[in-house]
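Chain by chain, the residues:
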2 protein chains.
Amino acid sequence: MADDYQLQSNGHGGELVKKPLVQLYVKASGIDSRRIGACLFCQEFWMELFALYELGVVRVEVKTVNVNSEPFKKSFLGAQPPIMLEEEKQAQYTDNREIEGRIFHIAKEFNVPLFEKDPVVEKRIESFYRNFKLFLRAKTEHDKGKREPSPIESIPPQIKTHYNRVVEQLAGIDELLQDRGSRYLLGDSMTEYDCELMPRLHHMRIVGHRLLGFDIPHNLTYLWNYVLTGYRTAAFIESCPADQDILHHYKEQLNLFTNQRETLQEPTKTHTLPEDVLDSIRRLGLDTK
Amino acid sequence: MADDYQLQSNGHGGELVKKPLVQLYVKASGIDSRRIGACLFCQEFWMELFALYELGVVRVEVKTVNVNSEPFKKSFLGAQPPIMLEEEKQAQYTDNREIEGRIFHIAKEFNVPLFEKDPVVEKRIESFYRNFKLFLRAKTEHDKGKREPSPIESIPPQIKTHYNRVVEQLAGIDELLQDRGSRYLLGDSMTEYDCELMPRLHHMRIVGHRLLGFDIPHNLTYLWNYVLTGYRTAAFIESCPADQDILHHYKEQLNLFTNQRETLQEPTKTHTLPEDVLDSIRRLGLDTK
């Protein structure tokens, strides 16, 4: 099962290096506790560990956990996922700072540039998700009781301000990606910045479409191409919740009526791009890079 | 009300510096949502912010939040306390890494040595709470159904191992404090290490007494004196949950029967030391330091 797998060996042709075995507990979906839930920190660490696994540096086991189950509560005494374990060291990391610290340490030990710093990138992507949440909350509040999200053109000025801020920032990231001309934010391989940004962009897409009548503007070709890179990155695909599980999470938090559409549907993952966007990507030759 | 206060001005006699206003949302008690709950990360950040407030560097507002309330869930979309806000910057920090990053930044800006590093101290205190939790879980499981915690002398070897590890580590910290001869772990003022360790030691004391029949060994005078320092440190006192709220938290997590003792009692805080320990502290002259 994809959500509960164990990756054993990889790379370094037969060397007998003792690789640390790392277990990551991620939040289960509220629909089905065997499925991955929409926890952004969980996905971020999962992607980082996956990158280390692909380089043959660690063994990784991921387990989805139902945070309301008594055995879970008892085992972790109130800690919330993500939770990371290393049984050999009898170590349990329940704080994001500790988890990141440990992954950082492993990456450093094996010279994997997963945590390279870039203040320009950092500045450009920071508070992006925060701004999206402000827009999301304001617009769903405004649309309360409506059957479908209202059109963006008709929203009142104070919500429009939130909307504009989100779009401006997306344009800023698009521009950055054009300047850099690289697959990922810092170059040809994934770093922690991508593990942060990719899941957030994807959530925005899924939630925007269904709850806001909003989409990433189609003219932001470099940004869309970056989203596509995510959809072609094993670390992202493997750790990505289904559309239904993402929607369910936000509806629960926003206290919106949860109809049976999501809960009964076969889970699907939207990992494709709109046709016109794909055309633009091809026209700019980004698909052949 | 102590749990919901606003600290306005302090220090820097009349200078017109624009101090950042920081709001910290901490988890409320499961008994009464107006009371502080037993969230260790919340207390850690609260202590750090309090230290910065005392130096006149920030203004701080602390609010207790009921994580199960719909308005809370909706405002923060699934994020859990601690949550930090800075309205002027429209910034919301929901990740411990972000919160610490921001506090670190403020401390650095004003040259407050709150985050000084000391690898020896770090090594000595790390995984201390983790080991305590292993002991706590094993012993409460063993004592299930009993009216009172069984005596430490009678526990089976595998639980004794956990117990021994905790006591050894406490002795190690006692030794470190003796070597250093300072009030706090790094010197005469509090650092993040104290904001981590003090609340954990206090939880251990309260929970140990009531659920485990365990106490910090009375011969560890330097460690006890450090606990006493906590009880005389405003940042600790102000941010410390009542005994009943601490107990309630652990009982809930361990799925133990919650009797009405805690829930109906007037909240109290055990911030005193056993008499024999106080005598030893006096004998060593630690109380006059």
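Parameters and conventions
- Residues numbered from 1 in each chain as written.
- Chains lettered and ligands numbered in written order.
- Predicted model: local features only at pLDDT ≥ 70, side-chain atom pairs only at ≥ 80, totals over all residues.
- Heavy atoms only, no water.
- UniProt positions renumbered as here; feature names shortened; annotations may be inferred.
- Contact = heavy atoms within 4.5 Å.
- Buried area = accessible area lost by both parts, 1.4 Å probe.
- Salt bridge = Lys/Arg side-chain N within 4 Å of Asp/Glu carboxyl O.
- Polar contact = N/O pair within 3.5 Å; in protein donor to acceptor, adjacent residues only side chain to side chain.
- Helix = DSSP H or I, 4+ residues; strand = E, 2+ residues; numbered from the N terminus.
- Expected span 1.5 Å × (residues − 1).
- Buried < 20%, exposed > 50% of the residue type's maximum accessible area, 1.4 Å probe, protein only.
- Pairing = 2+ DSSP bridges.
- Right-handed = clockwise from strand over helix to strand, strands pointing away.
- Disulfide = S-S within 2.5 Å.
- Least-squares fit on C-alpha atoms with pLDDT ≥ 70 in both.
- Phe/Tyr/Trp six-rings, centres within 6.5 Å; stacked < 30°, edge-to-face > 60°.
- Lys NZ or Arg CZ within 6 Å of the ring centre and 35° of its normal.
- Arc of directions from axis to C-beta.

By the naming in an unreviewed UniProt entry, chain A goes by CLIC N-terminal domain-containing protein and is assigned to Mesorhabditis spiculigera. UniProt, in the comment section headed Subcellular location (unreviewed entry), describes chain A in these words: "Membrane".

*Asks:* Which residues make up the interface of chain A and chain B, and what values go with them?
*Replies:* With 32 residues of chain A in contact, the opposing surface of chain B contributes 32 residues. Interface of chain A and chain B: buried area, both sides summed, is about 3,100 Å²; carbon and sulfur atoms make up 47% of it. Three residues, Lys 74, Leu 77 and Arg 97 of chain A, lead the burial of chain A against chain B; their summed loss comes to 26% of the area buried on that side. For the pair chain A and chain B, the number of links is eight salt bridges. Between Glu 44 of chain B and Arg 97 of chain A there is a salt bridge whose closest N-O contact spans 2.9 Å. Here chain A and chain B share 22 residue pairs in polar contact (both at pLDDT 80 or more) between them.

*Asks:* Pulling in residues and values, what's your account of helix α6 (residues 157-180) of chain B?
*Replies:* Residues and elements named next belong to chain B. Its 24 residues place the ends of α6 34 Å apart at the C-alpha level, agreeing with the 34 Å of an ideal helix rising 1.5 Å per residue. Listed in full, the buried residues belonging to α6 are Ile 159, His 162, Tyr 163, Val 166, Gln 169, Leu 170, Gly 172, Ile 173, Asp 174, Leu 176 and Leu 177. In this fold, the buried residues of α6 make contact with α4 (119-125), α5 (128-142), α7 (192-212) and α8 (221-231). The positive-phi residue at the C-terminal boundary of α6 is Gly 181, with phi of around 65°.

*Asks:* Tell me about the pairing of strand β3 (residues 59-65) of chain A, residues and numbers included.
*Replies:* Residues and elements named next belong to chain A. Of all seven residues that make up β3, six are buried, and the element is covered over most of its length. Here strand β2 (residues 21-27) pairs with β3 via seven bridges, running parallel. Residue pairing in the sheet places Leu 24 in a bridge with Val 62 of β3. Once you follow β2 into helix α1 (residues 40-54) and on to β3, the crossover reads as right-handed.

*Asks:* So what's going on with the state of the cysteines? Which residues, and what values?
*Replies:* Residues and elements named next belong to chain A. Counted according to the given criterion, the structure contains two disulfides over all chains. Cys 39 shares a disulfide with Cys 42; S-S distance 2.5 Å. Since a negative S-S torsion denotes a left-handed disulfide, the Cys 39-Cys 42 link at about 80° is right-handed. An identical accessibility class is assigned to Cys 39 and Cys 42; each is buried.

*Asks:* Give me the lowdown on the relation of the copies chain A and chain B, citing residues and values where you can.
*Replies:* For the match of chain A to chain B, the screw axis carries a shift of 0.0 Å, the RMSD comes to 0.0 Å, and the turn is 180°. Such a turn and shift between the copies fits a two-fold axis. The C-alpha atom lying nearest the rotation axis in chain A is that of Arg 97 of chain A; the distance is 2.6 Å. When the interface residues of chain A are mapped onto chain B, 100% of them again lie at the interface, so the same face is used by both copies.

*Asks:* Go over the packing of aromatic side chains, please, and point to the residues and values.
*Replies:* A full pass over the atoms with the stated rule returns 18 aromatic pairs over all chains. Relative to Phe 236 of chain B, the ring of Tyr 231 of chain B lies with its centre 5.9 Å away and its plane at 40°, an arrangement referred to as tilted. Through pairs of rings, three or more aromatic residues link up here, namely Tyr 25, Phe 72 and Phe 76 of chain A. If you follow Arg 130 of chain A out to its NZ or CZ, it ends over the ring of Tyr 93 of chain B, 5.1 Å from the centre. In this arrangement the basic side chain of Arg 200 of chain B is found over the ring face of Tyr 129 of chain B, its NZ or CZ atom lying 5.4 Å from the centre.

*Asks:* Would you mind going over the pairing of strand β4 (residues 83-86) of chain A in detail, with residue names and values included?
*Replies:* Residues and elements named next belong to chain A. Burial along β4 is two-sided: Ile 83 and Leu 85 facing one way and Met 84 and Glu 86 facing the other are all buried. Sheet topology note: the β4/strand β5 (residues 91-93) ladder contains three bridges and is antiparallel. Its bridge partner lying in β5, Glu 86 is registered against Ala 91. Following β4, the chain reverses through four residues before pairing antiparallel with β5; Gln 90 in that reversal takes a positive phi of roughly 50°.

*Asks:* Give a description of the UniProt feature "domain: CLIC N-terminal" (unreviewed entry) in chain A that names residues and reports values.
*Replies:* Following the UniProt record, one finds the feature "domain: CLIC N-terminal" (unreviewed entry) at residues 20-100 of chain A. Secondary structure content for residues 20-100 of chain A is 33% helix and 26% strand, and the end C-alpha separation is 15 Å.

*Asks:* An account of the environment of Phe 110 of chain A is needed here, citing residue identities and associated values.
*Replies:* All names here are of chain A. As for its position among the elements, Phe 110 is in the loop between α3 (96-109) and α4 (119-125). Relative accessible area serves as the criterion here: at 30%, Phe 110 is assigned to the partly exposed category. Taking the C-alpha atoms as reference points, Phe 110 and Leu 55, separated by 55 residues in sequence, lie 9.4 Å from one another.

*Asks:* Describe helix α12 (residues 275-283) of chain A, with residues and values.
*Replies:* Residue and element names in this part refer to chain A. Listed in full, the buried residues belonging to α12 are Val 277, Leu 278, Ser 280 and Ile 281. An end-on view of α12 places all buried positions within 160° of arc, on one side of the element. With respect to the buried face of α12, the exposed residues turned more than 90 degrees away are Glu 275 and Arg 283. Those residues of α12 hidden inside the fold are in contact with α8 (221-231). Once α12 finishes, Gly 285 follows within two positions and takes phi at roughly 70°, a positive value.

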